[in-house]
Amino acid sequence: MEWEESFRKKLAEILSDEQFIFHAPMSEQTTFKIGGAADVLIFPSSTADIPAIFNLIDEFKIPCTILGNGSNVLVLDKGIRGAVIKFTDKFFGEIRAEGQKIIAGAGAKLKDVSNFAAEKNLSGIEFAVGIPGSIGGAVFMNAGAYGGEMKNIVSNVKAVSRNGEIKNFRADELNLGYRQSIFQTNGCAICEVELNLAEGNRDEIKNKMAEFTFKRESKQPLEFPSAGSTFKRPAGYFAGTLIDKTGLKGLKYGGAMVSEKHAGFVVNIGGATASDVLNLIDEVKRRVKEMHGVTLMPEVRILGE
């Protein structure tokens, strides 16, 4: 890459050495543990970093991908060209409370935000305790579980547009629907999320979180790397039930397998490549369509080449 050396020098002027990695294996940055290398991986540590990073990316005319915790993505085997901006709890995970509101950096893990809320006797985000993502990623996908979703608790999102402008989005501007938000089309980087919660009883909140954690641990295949639920819920059905009824639990392609514990999950049982996962997804879609007439759509974001 002819741009690499000059890009590295300019990056070093705005970020510390530990905030970027060249030729970074994305298998180390995703919960699926799959994926080729990103040309350069960048970890911002403040909202102020983002306009400078975007300017540099535009100056060098390289592609840009924005990631949260890497929990709902499949990175393809040749990796990701250009820059990947990743929001992590190490660099962007501050959480604070202001009355009944919680403000969290985009990289804060949902589990940590849920626990922080419980300590402050604030209720409303218990459903998210077991979702293995960041708060920024949860807004991007409008994550939900056990009858709760981000749509019900997000009151404001601070983000940076591709031209470097810092913007605030109110709840009614977020376009939150089933696994969708405005950020999937507007190119902005989510930096900070404000949640509007309700006062509650700490013991009740913690009991509810413990119940959700137990349900998740008993029903989901947490012993293998995965990207969470593989398919979106088709109208009127549950993807996992359809796959199970088609007799596909345990179906393998290379190192990828339809979980024997929960058919809605494709898991990496060791050494799976992205092509293994894609081939398995295609086979599952084909057989479910054949037997039930329902077309399954992947929930997992597919990135790279």
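You'll find the structure just up there.
The structure contained in this document is the topic of the report that follows. (Residues numbered from 1 in each chain as written. Predicted model: local features only at pLDDT ≥ 70, side-chain atom pairs only at ≥ 80, totals over all residues. Heavy atoms only, no water.)

A short note on the environment of I53
Here is the rule: Comment: elements are numbered from the N terminus, with helices defined as DSSP H or I runs of at least four residues and strands as E runs of at least two. In what follows, a contact means two residues having at least one pair of non-hydrogen atoms within 4.5 Å.
Tracing the backbone through its elements, the reader meets I53 in helix α2 (residues 49–59). Spatially, the C-alpha atoms of I53 and L122 are 35 Å apart, while their sequence positions differ by 69 residues. Ignoring any residue separated from it by four or fewer positions in sequence, one finds I53 in contact with I14, L15, I42, P44 and I85.

Comments concerning the sheet that holds strand β16 (residues 256–258)
Rule in force here: Should DSSP find at least two bridges between two strands, the strands are taken to pair. Structural elements are reduced to axes, namely lines fitted to C-alpha atoms, with helices fitted over the stretch in contact, and the angle between N-to-C directions of any two is expressed from 0 to 180 degrees.
Spatially, 3 strands are ordered β15-β16-β17 in an open sheet, and the strand pairing comes out antiparallel. Two strands lie at the open edges of the sheet, namely β15 (252–253) and β17 (266–268), each paired on one side alone. Pairing geometry for β15 and β16, over 2 bridges, is antiparallel. In the sheet register, K252 faces β16, and the bridge partner there is M257. Of the strands in this sheet, β15, β16 and β17 touch helix α9 (residues 274–292), which is tilted by about 30 degrees from β16.

A word on the environment of A48
Put simply, the rule is: The classification of residues rests on relative accessible area computed with a 1.4 Å probe and restricted to protein chains. Under 20% of the type maximum is buried, over 50% is exposed, and intermediate values are partly exposed.
With respect to the helices and strands, A48 occurs in the loop between β2 (37–42) and α2. For A48, a relative accessible area of 60% translates into the label exposed. Taking the C-alpha atoms as reference, A48 lies 9.4 Å from G164; in sequence the two are 116 residues apart.

Focus: the nonpolar core
One recurring pattern in soluble globular proteins: nonpolar side chains tend to sit buried together. The following threshold applies: Buried Ala, Val, Leu, Ile, Met, Phe, Trp, Tyr and Cys residues form a nonpolar core when they are joined through side-chain atoms within 4.5 Å.
Within the largest apolar cluster, 60 residues are counted, with the highest numbers of intra-cluster contacts made by F7, I135, M150, F183 and L195. Beyond its immediate stretch of four places on either side in the chain, I135 contacts A104, G105, A106, A108, L110, V113, I125, M150, V193 and L195. The next biggest cluster of nonpolar side chains, apart from the first, holds 24 residues, and it includes F32, I34, L76 and A272.

Overview of helix α1 (residues 4–14)
The test is simple: Regarding the arc, it is the one traced by the directions from the helix axis to the C-beta atoms.
For α1, the complete set of buried residues consists of E4, F7 and L11. Along α1, the residues classed as buried sweep out an arc of 65 degrees about the axis, all on the same side. In this structure, α1 carries K9 and E13 as exposed residues pointing more than 90 degrees from its buried face. Contact partners of the buried residues in α1: β1 (20–25), β2 and α2.

Observations concerning the side chain of N72
Condition: Each polar contact in these results corresponds to two N or O atoms within 3.5 Å; when the atoms are within protein, one needs to be able to donate a hydrogen and the other to accept it, and residues that are neighboring in sequence are counted only if both atoms are side-chain atoms.
With respect to the helices and strands, N72 occurs in the loop between β3 (64–67) and β4 (73–75). In this structure N72 comes out as buried when scored by relative accessible area, which is 15%. Among the polar contacts listed, one links the side chain of N72 to the backbone oxygen of E299, at a separation of 3.3 Å.

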